[in-house]
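Here is how the chains run, residue by residue.
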Amino acid sequence: MPTTCFNCEAACGLVAYIDQETDKVVRFEGNPEHPASRGRNCAKGPATINQVHDTERILYPLRRTGERGAGGWERISWDEALSDISSRIRTAIVEGRRDEIMYHVGRPGEDGYTERVLTAWGIDGHNSHTNVCSSSARVGYTTWMGHDRPSSDFANAEVIFLISSHLEAGHYFNPHAQRIIEAQQRGATVICVDPRLSNTGAKADHWLAAWPGTEPVLLLCLAHLLLEAGTWDRAFVHRWTNWETYLSKTRPDLPPTFESAERALREAYAKYTPERASELCGVDADQLREIAAVIAKSPGRFSSHNWRAAGAGNLGGWQTARCLFLLNVLTGSVGTVGGTTGAGWHKLKPKPPLQPPPVGHWNEMSWPREYPLSHHEMSILLPHFLREGRGKLDTYFSRVYNPVWTNPDGFSWLEALSDPEQVGCHVALTPTWSETAWFADYVLPMGVGSERHDLASFETHAGQWLGFRQPVMRRYAELQGREVGPETRTHEFNPGEVWEENEFWIDLSWRIDPDGSLGIRRWFESPSRPNQPISVDEYYESIFATEVPGLADDAAAVGQTPLEFMRDRGAYAVRGDAYGHHERTVPPSALAGAVLGDDAVYRPHRGAASPTAPLPPLGDGSVAVQVAGAARQGFPTPSRKLELYSTTLADWGWPEHATPGWIPSHVHWQRLDLAGNERILLPTFRIPTLIHTRSANAKWLAEISHRHPLWIHPSDAEALGIEVGGLVRVNTRIGHFVISAWRTEGIRPGVVAASHHMGRWRLDGAAAAGRAEGGRSGSGQSGPRSWAGGPAEIEREGSVWKLRRTAPMAPFASDDPDSERVWWNDTGVHQNLTFSVQPDPVSGMQCWHQRVRIGPAAADDRYGDVVVDTDRARAAYEEWLAMTRPAPGPGGLRRPMWLSRPLKPIARAYRIDD
């Protein structure tokens, strides 16, 4: 049975094998029909079988008894859970407390389903993990090309430039890794910029271990070399950038000609010489000259990517993406074979049926006016907003998200989630236990990747595709002859009483508005069966039949319905040209009612959208740009060109950063006491065998990767007196953690690193001490077991919290005999607890890199200790908040209308005075 992997964002294809004698899933392999993964998977895909058969997974709805976090639970029916939760939500909606309902998701694994649900409820309640992951990169790319992510044609590139270890730890690891290595085998040059020698760096032709935060300097040096040598695509820059605006805003002293713009560019970046880059970045000047020469020889075929690392780690990290994409622009490698394209041109997000109108209000708990350019919601600040009284939550859903563990400042999250005055009811939608779920009021079991329906499509290569995740046992039953009709539910085929979110949201919405008086139920009614809920078959059949180009015809050609076609194949490649979308001419019919402005942009006569209308893609309704005498599609930016000068950044308070440039990081090495014990901590590098928090219920992955020592260069270890394998105390601004050292020359001196995947812990299910001052919770002996979570206890004295491991990982008894064979004793250290929130004032991105003081552990320190003062965390929050330049912006707006949002409200909601 084909389905889609749910163990990272890549959504690779899987095939589930089912033993017809036992009617059990026995293994997962790659789906050769999948256009992105092409039958191949990383370790995370086959490990789905561990999650299906995990003996410690949650199988039945649970409700808390006793205090939050005390470990008391009772099994309840789904009817009880749905009745109570729906009643709370209905009451909040009726009483006008819509902003007190929040859905907080990590990796969604689907496109648009839950957003449609929230829109139907009429709430601006979507929250995400994006500002702990990718906000800065998104802002950098958006302000260039309107698309918030790049789509790199690695397969056809001649130069592949990766900021961070993108092959092994990138956004779409498996599909990208295949194509990068294949291109390298055909002669492509691979360049990796990363202070840590990752597997990618080891495979690269050039590994540049730049100081963290100086990557823009390195990139601007390469741009300088291209400009000085004249080895850049002058015609492309003239045709497709807003060079006129760049010139008028930065050099009004020069004549308004492209020759002047060329001069302005050369002079602007003249200071970024190889020698200066060598001094600031710590890389070899001649190596930079060599790389610039390689890039110059491959016009149009420069493929690049930046997502985490430099972008996610540093103050001003969004400029890394701006500077990297500048090289794409200078080489004319945008929308070309072997170049880099906007993600929106390679991603397919079909429209769902029964689409409700946009929400009519603005939720400042997620979209505060201090961060008008954030990408996306300011989720990491939620505990601080709750604490200072900006609002409260009546009903809070967490789904595939573990903020207590994943986010910085996790103890502030724990404080908020423990307080019913701040969070009235917390509903954790999860297949497995987590540090956050332990503090919920309801824990509702949801299906793993092979037990649910979802659509997914991502920019994995130069092409457009759609993957269909499906519950394999449901499909198996159907093929075995069991009737699966509109009333049949997926949970009938899953283990225990495990549901899928699709049907959960349908049933919950139906109960929120049982008689239709709130106007919600109609968005969940069957189009063919009056007064009945829509079924998942009806929902997806509608999409496949009308919203996926070519699918209905291909299905008819083999005598199948579109839904049957997708259930049999699991994925579909959309035919069409993957390149040059910006050059496409716009037909006269699409220009009807539009006028050509002085800026060469076609906009409707009516101007901006009416206050109650849905916002057009760019807010102002622009439809084309005139280039070379023709109306062309262009890019989804205000100028419909690539924005060398971002008028949005300038108009919204950041004119000094409107062009690609360098903003010194908060951990810039020249500001540190490197002669003493200060170092830069890189806490974000990924392990390709792990799945953020979901790895805890995948035994094979826990066996492969279960510890994360602190990478430290031998010279630093000697200077700081740290022994081989010795314990290290890492002091952050708000606390410290204790970890073991690993001496390696694979990291830049002055920099230390620890992966963010590990450090899972679990409390004692029998404890009932609560979280009172001086209280203790958990001996760690009887809580839910996992393959990657060590037993621990938590103590609190005022604002000071301490997490301590009570025992190592050890074999345990369960229905799975492998649990008796656990041979490892380490589960890592929860370092994220000790990081304060550090949101970039432009992008809202958590600046993960830490300025730390390190040395040998103290006599009473134990491995895994974590100590944090949440009052100090609060002070750090206030300091970073003061760095912002809040809305209103032009026209009294909260946010530029053209920037994306998961849920876009009506135009009037954007105005602060409304």
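Preceding this paragraph is the structure being described.
Residues numbered from 1 in each chain as written. Predicted model: local features only at pLDDT ≥ 70, side-chain atom pairs only at ≥ 80, totals over all residues. Heavy atoms only, no water.

A. A look at the pattern of salt bridges. Across all of its chains, the model carries 68 salt bridges by this definition. Measuring nitrogen to oxygen at the nearest pair gives 2.9 Å for the salt bridge that ties arginine 521 to glutamate 525. The residue glutamate 583 makes a salt bridge to arginine 632 at a minimum N-O spacing of 3.6 Å. Placement of the pair is glutamate 583 in the loop between strand S19 (571–574) and strand S20 (594–596) and arginine 632 in strand S23 (residues 630–632), with a sequence separation of 49 residues. (Salt bridge = Lys/Arg side-chain N within 4 Å of Asp/Glu carboxyl O. Helix = DSSP H or I, 4+ residues; strand = E, 2+ residues; numbered from the N terminus.)

B. Focus on the pairing of strand S33 (residues 850–856). Sheet analysis places strand S24 (residues 678–682) next to S33, joined by four bridges and oriented antiparallel. If you follow leucine 681 over to S33, its bridge partner there is glutamine 850. Pairing of strand S26 (residues 727–731) with S33, which is carried by four bridges, proceeds in the antiparallel orientation. The partner of valine 728 across the bridge, within S33, is proline 856. (Pairing = 2+ DSSP bridges.)

C. View of the packing of helix H3 (residues 113–121) against helix H20 (residues 501–512). Running from N to C, H3 and H20 point in directions that differ by 5°, and their axes come no closer than 11 Å. Comparing the axis directions of H3 and H20 gives the class roughly parallel. Across from Tyr113, Thr114, Val117 and Trp121 in H3, the residues of H20 making contact are Asn502, Trp505, Ile506, Leu508, Ser509 and Ile512. Tallied by class, residues from the contact of H3 with H20 come to seven nonpolar, three polar and no charged. (Axes fitted to C-alpha atoms, helices over the stretch in contact; angles between N-to-C directions. Parallel < 35°, antiparallel > 145°, perpendicular 65-115°, else oblique. Contact = heavy atoms within 4.5 Å. Nonpolar A, V, L, I, M, F, W, Y, C, P; charged D, E, K, R; others polar.)

D. Focus on the sheet that holds strand S11 (residues 206–208). Taken together, the four strands give an open sheet; going across it, the order is S11-S10-S9-S12, and neighbouring strands pair in parallel fashion. Taken across any chain shown, the strands that pair with only one partner, and hence form the sheet edges, are S11 and strand S12 (302–306). The sheet shows a mean angle of 10° between the axes of neighbouring strands, direction not considered. In the sheet, strand S9 (residues 159–163) pairs with S12 via five bridges, with the strands oriented parallel. If you follow valine 159 over to S12, its bridge partner there is phenylalanine 302. On the sheet, helix H13 (residues 285–296) packs against S9, strand S10 (189–193), S11 and S12 and is oriented at approximately 130° with respect to S11.

E. Representation of the sheet that holds strand S21 (residues 601–604) in the model. Taken together, four strands build an open sheet; the order of strands is S20-S21-S22-S23 and the sheet is antiparallel. Each end of this open sheet is capped by a strand with a single partner; those strands are S20 and S23. The mean inter-strand angle of the sheet, taken between neighbouring strand axes irrespective of direction, is 35°. In terms of strand pairing, S21 meets strand S22 (residues 624–627) through two bridges, oriented antiparallel. Across the sheet, the residue bridging to valine 601 is valine 625, located in S22.

F. The nonpolar core, seen in detail. Phe161, Leu218, Leu222 and Leu642 are the most contacted members of the largest nonpolar core, which totals 67 residues. In terms of residue count, the dominant contributor to this core is helix H8 (residues 215–229) (ten residues). Setting aside residues up to four positions removed in sequence, leucine 218 forms contacts with Phe161, Val193, Leu208, Ala210, Cys281, Val283 and Leu288. (Core = buried A, V, L, I, M, F, W, Y, C linked by side-chain atoms within 4.5 Å. Buried < 20%, exposed > 50% of the residue type's maximum accessible area, 1.4 Å probe, protein only.)

G. Structural view of the packing of aromatic side chains. Summed over the entire model, instances satisfying the criterion amount to 34 aromatic pairs. Aromatic side chains tryptophan 232 and phenylalanine 258 sit 6.4 Å apart centroid to centroid with 40° between the ring planes, which places their arrangement in the tilted category. Of this pair, tryptophan 232 sits in the loop between H8 and helix H9 (234–240) while phenylalanine 258 sits in helix H11 (residues 258–268), and the two are 26 residues apart along the sequence. Taken individually, tryptophan 232 and phenylalanine 258 each receive the classification buried, so the pair is uniform in this respect. Relative to tryptophan 824, the ring of tryptophan 823 has its centre 5.5 Å away and its plane inclined at 85°; by these criteria the two rings are edge-to-face. (Phe/Tyr/Trp six-rings, centres within 6.5 Å; stacked < 30°, edge-to-face > 60°.)

H. Structural detail: helix H2 (residues 78–94). Here H2 contains 17 residues, and its C-alpha end-to-end distance of 24 Å stays within 8% of the 24 Å for a straight helix at 1.5 Å per residue. Where H2 is concerned, the buried positions are Trp78, Ala81, Leu82, Ile85, Ser86, Ile89, Ala92 and Ile93. One side of H2 holds all its buried residues, which, seen down the axis, span an arc of 125°. Where H2 is buried, its residues touch strand S6 (101–105), H3, strand S14 (393–399), strand S15 (423–429), strand S16 (442–444) and H20. (Expected span 1.5 Å × (residues − 1). Arc of directions from axis to C-beta.)

By themselves, these figures tell us nothing about what the structure is for.
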